[in-house]
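Here is what each chain is made of, one letter per residue.
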Amino acid sequence: AAGQNKQHFITKNTAKLDRETEELHHDRVPLEVGKVIQQGRQSKGMTQKDLATKINEKPQVIADYESGRAIPNNQVMGKIERAIGADGGPLLCLLPGLKLRGKDIGKPLETGPKGK
């Protein structure tokens, strides 16, 4: 029994794992959010690299968010919301940021005190 090749016993488990993997997947950033990020960034004349530098992330993170490949991270989303809204083009210059989460995606962030 020593030195027995155990690869033949793996096939049943592999098929089961494949089925489970297909069922379990993480939600991705909606394309609508990616478009808002891209439009907000472009309205400020920023490249993906510029935005990434501003929020202290890698350029690939911005590319993934804009293309809908990223798994949403609230911390990153919050940084992007604030970065693409402030002092942008003629319409964005008065806005503190653009919402990327919730039902009002693309609308200005509210700056008032949080409700209690």
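Up top you'll find the structure we're talking about.
The present account deals with the structure reproduced in this document. All values reported here derive from a predicted model rather than from experimental measurement.

So, how was this worked out
- Residues numbered from 1 in each chain as written.
- Predicted model: local features only at pLDDT ≥ 70, side-chain atom pairs only at ≥ 80, totals over all residues.
- Heavy atoms only, no water.
- Axes fitted to C-alpha atoms, helices over the stretch in contact; angles between N-to-C directions.
- Helix = DSSP H or I, 4+ residues; strand = E, 2+ residues; numbered from the N terminus.
- Parallel < 35°, antiparallel > 145°, perpendicular 65-115°, else oblique.
- Contact = heavy atoms within 4.5 Å.
- Nonpolar A, V, L, I, M, F, W, Y, C, P; charged D, E, K, R; others polar.
- Buried < 20%, exposed > 50% of the residue type's maximum accessible area, 1.4 Å probe, protein only.
- Polar contact = N/O pair within 3.5 Å; in protein donor to acceptor, adjacent residues only side chain to side chain.
- Expected span 1.5 Å × (residues − 1).
- Arc of directions from axis to C-beta.

Regarding the packing of helix α2 (residues 31–43) against helix α4 (residues 59–67)
Thinking step 1. Taken N-terminus to C-terminus, the directions of α2 and α4 make an angle of 125°; their axes are 6 Å apart at the nearest point. Taken together, the axes of α2 and α4 lie oblique to each other. Facing α2, whose interface residues are L31, G34, I37, Q38 and R41, α4 presents Y65, E66 and S67.
Thinking step 2. Counted by class, the contact of α2 with α4 contains three nonpolar, three polar and two charged residues.

Points about the side chain of E66
Thinking step 1. When you line up the elements, E66 lands in helix α4.
Thinking step 2. Residue classification places E66 among the buried residues on the basis of a relative accessible area of 10%.
Thinking step 3. For E66, the side chain forms a polar contact with the side chain of R41, separated by 2.6 Å.
Thinking step 4. A polar atom in the side chain of E66 sits 2.8 Å from the side chain of Q48.
Thinking step 5. Once residues lying within four places of it in the same chain are set aside, the contact partners of E66 are L31, G34, I37, Q38, R41 and Q48.

Details of α2
The α-helix advances 3.6 residues per turn, and as a result positions three or four apart in sequence lie on the same side.
Thinking step 1. If you check α2, its first and last C-alpha atoms are 18 Å apart, about what 13 residues at 1.5 Å a residue would give, namely 18 Å.
Thinking step 2. Restricting attention to buried positions, one finds in α2 the residues V33, G34, V36, I37, G40 and R41. Viewed along the axis of α2, the buried residues span an arc of 160°, placing them on a single side of the element. Those residues of α2 that are exposed and aimed more than 90 degrees away from the buried face are L31, E32, K35 and Q39.
Thinking step 3. In this structure, the buried residues of α2 make contact with α3 (48–54), α4 and α5 (74–85).

Examining α4
Thinking step 1. Three or more residues of α4 are buried, namely I62, A63, Y65 and E66. Down the axis of α4, the buried side of the element spans an arc of 165°, and every buried residue falls inside it.
Thinking step 2. Here the buried face of α4 lies against α2, α3 and α5.
Thinking step 3. Remark: G68 follows α4 within two positions and exhibits a positive phi of approximately 85°.

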